[in-house]
Amino acid sequence: MTDERIEDLLRGMTPAQKAGQLTQYFYFQLPGEADPALGVDAGEQPRAVEAALGRGEAGSLLFVTDPDEINRLQRLAVEGNPHGIPLLFGYDVIHGLRTILPVPIAMAASWDPETIERGQAVAAREARAVGIHWTFAPMVDIARDPRWGRIIEGAGEDPFLGAAVAAAQVRGFQGGGIIAGPKHFAAYGAALGGRDYDEANVSEYELWNVYFPPFRAAVEAGAGNIMTAYMDLNGVPASGSHWLLTKVLRETWGFEGFVVSDANAVKNLETHGFAAGPADAAARAVVAGVDLEMAVSEPAYAHLPAAPQTGDAVDASVRRILEAKLRLGLLDRPYVDADRAREILADPQHREVAREAARRGAVLLRNEGDLLPLDAGRLGSIAVLGPLADSKRDTIGPWVFDFDLDETVTVLDGIRGAAGDKVRVEYAPGVQVSQRVFPSLFDMFGGNTPLDPEGFDEEAEFARAVRLAAASDVAVVVAGEWQNMIGEAASRSSLELPGRQLELLQAVAATGTPTVLLVMNGRPLDLRWAAEHVPAILDIWYPGSQGGAAVADLLFGAASPGGKLLFTWPRTVGQVPIHYAHTRSHEPQNQGRRYWDEQSTPLYAFGHGLSYGRFTYDGLTVEPAAVAPDGVVTVSVEVTNTGGREAPEVVQLYLHQRHGRASRPVRELKGFERVVLAPGETRRVQFTIGPAQRQYWHPAERDWVLDAATFDVWVGGSSTAELGTTFEVEDR
Ligand code: BGC
């Protein structure tokens, strides 16, 4: 029945209408004139798009979020299209639409699939209410280079964690009623030097074992869409790669949804020096497997009608787009209820989900002498310091467009709200985040927020902040990066705290007032000094619109931190790339001697993160002790909270294959579970390790293999877990 409807439509379509169905236009509701950053004229572009709608030659739009406007454009499309085919509205709903959740890396740092799923379901509910059918998320690119700004959009360095987070996000978005579009296929995070959009050269061994697993997990979770990557992968642009988009994605993994190019990536096939021109780019992209072209300006797919040899590929792509529309119910109900949308956007429960996600994602890096949680009952005064402490725009992070700053709770607001009347809370920014302003591609949605650049007397402000710290019982310093220093097209060549923030931190700590550092970031920063001298360090990321309230919950102990690092935190940028799952590669005694001028170890290990509890691990067992290559073992461990407070802990399992057909990483995450334990409580946690966890893709066999070998297994609270045992996989 459904197929017939699609076939009927297809039969009646002209080549130009088919090409139109395969085109997605940016529709900017931007104030102002031409935007040089995007090369788009904000006045001309909407007119051109509306003309295409009138001709029935547009399949999808992006960047419209107002429900009345969506209905208006939808009407133009339905009435303009001879078959009444409605538009698919797509948008970057990355960490919330109106309710801003913590940035994706923060949600992932909860290591809690439920939190992630719930958060993205809220984002989806808001999006669907306004008429958005599909999000360009989750970004599931593995990121092993923190210079790359888009590390903030993903789940860090590890394929196993990345796969779990990818699947949770797909369930959240799609359960909430919109199509999820995992991106950017594939290996976009491996850009040379961490420079966004630069080429990636990744061995097949790494592609299959490291970069692909989150995509595969997203496909298995039912993702309806995949977005291609911009860059050249091993010499071929990812957006023109038949191997990636058809051989791997469709033929090997059985993906049945539709593929969209990244913005302008089809036309860019020419820029790469791959396609001869836009017509060649269009023909090769559609044959490679790009169903829908995301076009910033003139679409390349307008050339498809002149390329009859692409007919079958075009028809297959049109079918996929129509199927998506049919499944969403759009062919029957294209419009939205704008009043209902406004109610949903205001739902207070959504704010509660955002606040809980921010609490769960924060990572307590250090807590000497149990400085945290603060006891509000015993404190007379708190100095809140640093320019990010009261910046609403920075608190919500990059990749948000429809936020409401009025409802954003900064760290200062949160502390003021939670400290109670008896505690004097005073604020001094002290310094600018940076003396330089960093222009970003997304500044039209809020760029740097310098503190009154004309009137800000940094010497006087610095001194005032230090005086305030000296006169207070505790100092809370918020330091990090402006939100537009990270994200797309925001790579950095240094990981240092920008501007004079470190200097401020040092001067504050030197007053002798107990100091807490809150790090506002999306990438690891150089915290070598703080890690030795500042007793408490809490990574709060960009915690979202309820972030300040969540941070106050953690500071005063209404909740305990329990997030864990999802990347290896380098000491300095010179150690990059540094990830825990490397191979041994030489004698163990030389592991610590890789650099002449710096230790080989990171500042903080992958999986590290403290809480207000204290956890011990005991009674590790593996059963049976030996299995056949297809056998499954059960690993079990007892975790006890010996501390005095209820707290979460992420129990992590790491595996190592001692010998085999390849040298395998010293450790690989193969299981995790977030538990919450009361003081004195013990919980037995179990994991199963079967062929799926032991197999790896072998470079010479060019296939997945399972070796008979001795395996080490460790269980604990980070990748440096010491409690370990072994089991055997026997060749029987
Ligand atoms: C980004 C994508 C994004 C798209 C649409 C591109 O520049 O790479 O991740 O979805 O723009 O905003």
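Everything in this summary refers to the structure shown in the same document. (Residues numbered from 1 in each chain as written. Predicted model: local features only at pLDDT ≥ 70, side-chain atom pairs only at ≥ 80, totals over all residues. Heavy atoms only, no water.)

Thoughts on the sheet that holds strand β6 (residues 134-135)
Item 1. Taken together, the six strands give an open sheet; going across it, the order is β7-β6-β5-β4-β1-β12, and neighbouring strands pair in parallel fashion. At either margin of the open sheet sits one strand with a lone partner, and together these are β7 (179-180) and β12 (293-295).
Item 2. As paired elements, strand β4 (residues 60-62) and strand β5 (residues 88-91) share three bridges and run parallel to each other. When the sheet's bridge partners are listed, Leu61 is paired in β5 with Phe89. (Pairing = 2+ DSSP bridges. Helix = DSSP H or I, 4+ residues; strand = E, 2+ residues; numbered from the N terminus.)

A few points about the nonpolar core
Item 1. Phe185, Ile382, Leu385, Leu517 and Leu518 are the most contacted members of the largest nonpolar core, which totals 213 residues.
Item 2. At seven residues, the largest contribution of residues to this core is made by helix α6 (residues 113-130).
Item 3. Setting aside residues up to four positions removed in sequence, Phe185 forms contacts with Phe212, Phe215, Ile226, Met227, Thr228, Ala229, Ala238, Leu244, Leu245, Val248, Leu249 and Trp253.
Item 4. Of all hydrophobic cores here, the second largest spans 24 residues; its members include Val633, Val651, Leu653 and Leu677. (Core = buried A, V, L, I, M, F, W, Y, C linked by side-chain atoms within 4.5 Å. Buried < 20%, exposed > 50% of the residue type's maximum accessible area, 1.4 Å probe, protein only. Contact = heavy atoms within 4.5 Å.)

Re the environment of Gly716
Item 1. Here Gly716 is to be found in strand β27 (residues 710-716).
Item 2. Here Gly716 falls in the buried class, since its relative accessible area comes to 4%.
Item 3. Along the backbone, Gly716 and Phe672 are 44 residues apart, and their C-alpha atoms lie at a distance of 9.5 Å.
Item 4. Excluding its chain neighbours within four sequence positions, the residues that come into contact with Gly716 are Tyr617, Val650, Val651, Gln652 and Ala721.

Points about the site of the ligand
Item 1. Neighbouring residues of the ligand: Phe63, Asp92, Phe136, Arg150, Lys183, His184, Met227, Tyr230, Asp262, Met294, Trp399 and Glu488.
Item 2. Here an oxygen atom of the ligand and a side-chain polar atom of Lys183 are 2.8 Å apart.
Item 3. Here the ligand loses 94% of its free accessible area of 310 Å² to cover by the protein chains.
Item 4. For the shell around the ligand, a count of residues per class yields six nonpolar, one polar and five charged. (Near = heavy atom within 4 Å. Polar contact = N/O pair within 3.5 Å; in protein donor to acceptor, adjacent residues only side chain to side chain. Areas by Shrake-Rupley, 256 points an atom, 1.4 Å probe, with all protein chains shown as cover. Nonpolar A, V, L, I, M, F, W, Y, C, P; charged D, E, K, R; others polar.)

Section: the pattern of salt bridges
Item 1. As enumerated under the stated definition, the model contains 53 salt bridges in all.
Item 2. For the salt bridge of Lys18 with Asp315, the shortest nitrogen-to-oxygen distance reads 2.9 Å. Here Asp315 lies in helix α13 (residues 311-327) and Lys18 lies in helix α2 (residues 15-21), a separation of 297 residues in the sequence.
Item 3. The shortest N-O distance in the salt bridge between Arg55 and Glu57 comes to 3.1 Å.
Item 4. On the basis of relative accessible area, Arg55 is assigned to the partly exposed category, the value being 45%.
Item 5. Connected through salt bridges with shared partners, the residues Asp112, Glu352, Arg355, Glu356, Arg359, Arg360 and Asp553 form a single ionic network. (Salt bridge = Lys/Arg side-chain N within 4 Å of Asp/Glu carboxyl O.)

Some details on the environment of Pro699
Item 1. With respect to the secondary-structure elements, Pro699 resides in the loop between β25 (696-698) and β26 (703-705).
Item 2. You can call Pro699 partly exposed: its relative accessible area is 41%.
Item 3. Sequence spacing of Pro699 and Ser203 is 496 residues, and the spatial spacing of their C-alpha atoms is 8.6 Å.

Some thoughts on the sheet that holds strand β16 (residues 474-480)
Item 1. Read across the sheet, six strands follow the order β13-β18-β17-β16-β14-β15 without closing on themselves; strand pairing throughout is mixed. The open sheet is flanked by β13 (363-367) and β15 (424-428), the only strands paired with a single partner. Between one strand axis and the next, the sheet turns through 15 degrees on average, direction left out of account.
Item 2. Sheet analysis places strand β14 (residues 381-385) next to β16, joined by four bridges and oriented parallel. (Axes fitted to C-alpha atoms, helices over the stretch in contact; angles between N-to-C directions.)

Things to note about the packing of aromatic side chains
Item 1. With the rule as written, the count across this model stands at 29 aromatic pairs.
Item 2. A ring pair is formed by Trp208 and Trp697, whose centres lie 5.5 Å apart and whose planes are at 10 degrees; its orientation type is stacked. Remark: Trp697 occurs in strand β25 and Trp208 occurs in helix α8 (residues 204-211); sequence separation between them is 489 residues.
Item 3. Owing to a relative accessible area of 8%, Trp208 belongs among the buried residues under this scheme.
Item 4. A relative accessible area of 5% means that Trp697 is categorised as buried. (Phe/Tyr/Trp six-rings, centres within 6.5 Å; stacked < 30°, edge-to-face > 60°.)

Some words on the side chain of Thr710
Item 1. Here Thr710 shows up in strand β27.
Item 2. A distance of 3.0 Å separates a polar atom in the side chain of Thr710 from a polar atom in the side chain of Glu728.

Concerning helix α19 (residues 501-510)
Item 1. Along α19, the residues classified as buried are Gln501, Leu504, Leu505 and Val508. Looking straight down α19, one finds that the buried residues subtend no more than 100 degrees of arc, so they occupy a single side.
Item 2. Residues of α19 that are buried in the fold lie against β14, α18 (458-470), β16, β17 (515-520) and α20 (528-533).
Item 3. Count one or two residues on from α19 and you reach Gly512, which has phi positive near 90 degrees. (Arc of directions from axis to C-beta.)

Some points on the packing of α8 against helix α9 (residues 213-220)
Item 1. Their axes nearest at 6 Å, the elements α8 and α9 cross at an angle of 45 degrees. Relative to α9, the element α8 is oriented oblique. Together, Leu207, Trp208, Asn209, Val210 and Tyr211 of α8 and Pro213, Pro214 and Phe215 of α9 make up the contact between the two elements.
Item 2. Split by residue class, the contact of α8 with α9 holds seven nonpolar, one polar and no charged. (Parallel < 35°, antiparallel > 145°, perpendicular 65-115°, else oblique.)

Focus: unusual backbone geometry
Item 1. Residues Ala137 and Pro138 are joined by a peptide bond in cis, for which omega reads 5 degrees.
Item 2. Going from Glu623 to Pro624, the amide bond is cis rather than trans, its omega being -10 degrees.
Item 3. In this fold, Pro624 is placed in the loop between β19 (615-623) and β20 (626-627).
Item 4. Unlike most non-glycine residues, Ala489 shows phi in positive territory, near 55 degrees.
Item 5. Here Ala489 shows up in the loop between β16 and α19.
Item 6. The partly exposed category is assigned to Ala489, whose relative accessible area is 35%.

Looking at the packing of helix α15 (residues 348-361) against helix α21 (residues 547-555)
Item 1. Contact geometry for α15 and α21: axes closest at 8 Å, N-to-C directions at 50 degrees. Relative to α21, the element α15 lies oblique. When the axes of α15 and α21 are compared, the crossing they make is right-handed. Contacts from Arg355, Ala358 and Arg359 in α15 reach Gly547, Ala549, Ala550, Asp553 and Leu554 in α21.
Item 2. Tallied by class, the residues present in the contact of α15 with α21 amount to four nonpolar, one polar and three charged. (Left-handed = near helix turned anticlockwise from the far one by under 90°.)

Function cannot be read off these values alone, since they describe shape.
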